[in-house]
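This is what each chain is made of:
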Amino acid sequence: MALDFDRSIIGSEFDRTVFAPVTKEAIEDYIAASGEPAANDMAAPPTFVVRLRGHRWMPENMPNLGRTGFDAGKDIAFGVPVRIGDVLTAVSTVHDIYEKTGRTGSMAFVVLRTVVTNQRDDEVAVIDQKMMFR
Amino acid sequence: MILDLHTHSDASEDSRAPVETYMKWLVRKRDLLPIDGIVLTEHRQWNPAADYRPLEDKYGLLILRGAEVETDYGHVLVYGVNDDMTRRFDFTNVRLSAQELIPAVAHMGGLAVPCHPGRPTIGLCEHYEHKPPIDGVVAVEALNGGSRRGENERVQHLIDHYGYHAVGGSDSHLVSFIGICATEFDADIRSIEDLVNTLQQGGYRPLDFRDRLKKDV
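Residues numbered from 1 in each chain as written. Chains lettered and ligands numbered in written order. Predicted model: local features only at pLDDT ≥ 70, side-chain atom pairs only at ≥ 80, totals over all residues.

A. Just the sheet that holds strand 5 (residues 123-133) of chain A, in detail. Residue and element names in this part refer to chain A. Spatially, 1-3-4-5-2 is the arrangement adopted by the five strands of the open sheet, whose pairing is antiparallel. Here the strands that pair on one side only, and so sit at the sheet edges, are strand 1 (13-18) and strand 2 (69-78). Adjacent strand axes in the sheet meet at a mean angle of 25°, parallel and antiparallel pairs treated alike. Direction of pairing for strand 4 (residues 105-117) relative to strand 5: antiparallel, over a ladder of ten bridges. Bridged to Phe109 within strand 5 is Met132. (Pairing = 2+ DSSP bridges. Helix = DSSP H or I, 4+ residues; strand = E, 2+ residues; numbered from the N terminus. Axes fitted to C-alpha atoms, helices over the stretch in contact; angles between N-to-C directions.)

Here it is as structure tokens:
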């Protein structure tokens, strides 16, 4: 059976979160926890964006694509640096749902895309989170 | 002439390799990998607008394009993709009928080659154990750079029993894997039409460069 779901979900926004201004302490905490070096005194390491947590990480109307699933990886395209005082906004959409076959059978993949921008609407990061279901 | 007939660039969802970086790698490794060109076979897709001629000119390597599609007999490389094929077959469908696809592709001017036949579930060998052979198969990918131990070895039976020609490809998803397995052609190939015609006729064999690369480490 091919994947059976309402394709209108693709491209739909399911979360929009505006975060409190980035503090020096938050950047220092991230550097201490991750070991990632800062680019300079004012900017966070690029991977700082992975600490952001929106209100919802999956759409409410997510189709049932299988009984089990796991994290299939994350791609991040980095934009402008995150600086102290930045107000970041993360908008998450269902970017793609597709099926593929492999040695162990068929699998469904969901790609959730989160675009992070700052208060100037500069793109800070595009994060593609993949989940596999079967 | 030596071509890597099975490659994936970052146009495929599971590859991070830009085509230009493949070109740079092949130029850099020319002494170990005497590859004259590659065929991009992106997963479940065909982009008619893609144009790699500027990269061909810049690096002096042939860049042809095909597609890797998924069927009820496993994965299949399609060479000579055209509008007739993409109108008739939905390349994103992972359950295409191989019995329908392979003869139809040939009828529409292309050639479909089952790839990594020795792999479980997505290889031809397993399906031939309980389903009839497919009409119109001319060649199979006997040497696949991404196969696990024993998987390439299973393919020899198909070649012996059905008389299929054998090709090789790296199935590269990473830059350093490009060209590790390839196909040597007696004929000169300059276009996808040349490739389809030659694959139909014979005069080619798989080549394995992995041992040569290991010695370079």
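B. Spatial organisation of the interface of chain A and chain B. On the side of chain B, ten residues touch chain A, which itself brings ten residues to the contact. Going through the elements one at a time, strand 3 (89-102) and strand 4 of chain A are the ones with two or more residues in the side of chain A that touches chain B. Looking at which element gives the most residues to the side of chain A that touches chain B, the answer is strand 3 of chain A, with five residues. The residue makeup of the side of chain A that touches chain B, split by class, is two nonpolar, five polar and three charged. (Contact = placed C-beta atoms within 7 Å. Nonpolar A, V, L, I, M, F, W, Y, C, P; charged D, E, K, R; others polar.)

C. Structural context of the pairing of strand 2 of chain A. Residues and elements named next belong to chain A. Counting buried positions along strand 2 yields zero of ten residues, so the element is predominantly exposed. Relative to strand 5, strand 2 runs antiparallel, the two being bridged by eight bridges. Across the sheet, the residue bridging to Asp71 is Met131, located in strand 5. (Buried ≥ 20, exposed ≤ 12 C-beta atoms within 10 Å, placed from the backbone.)

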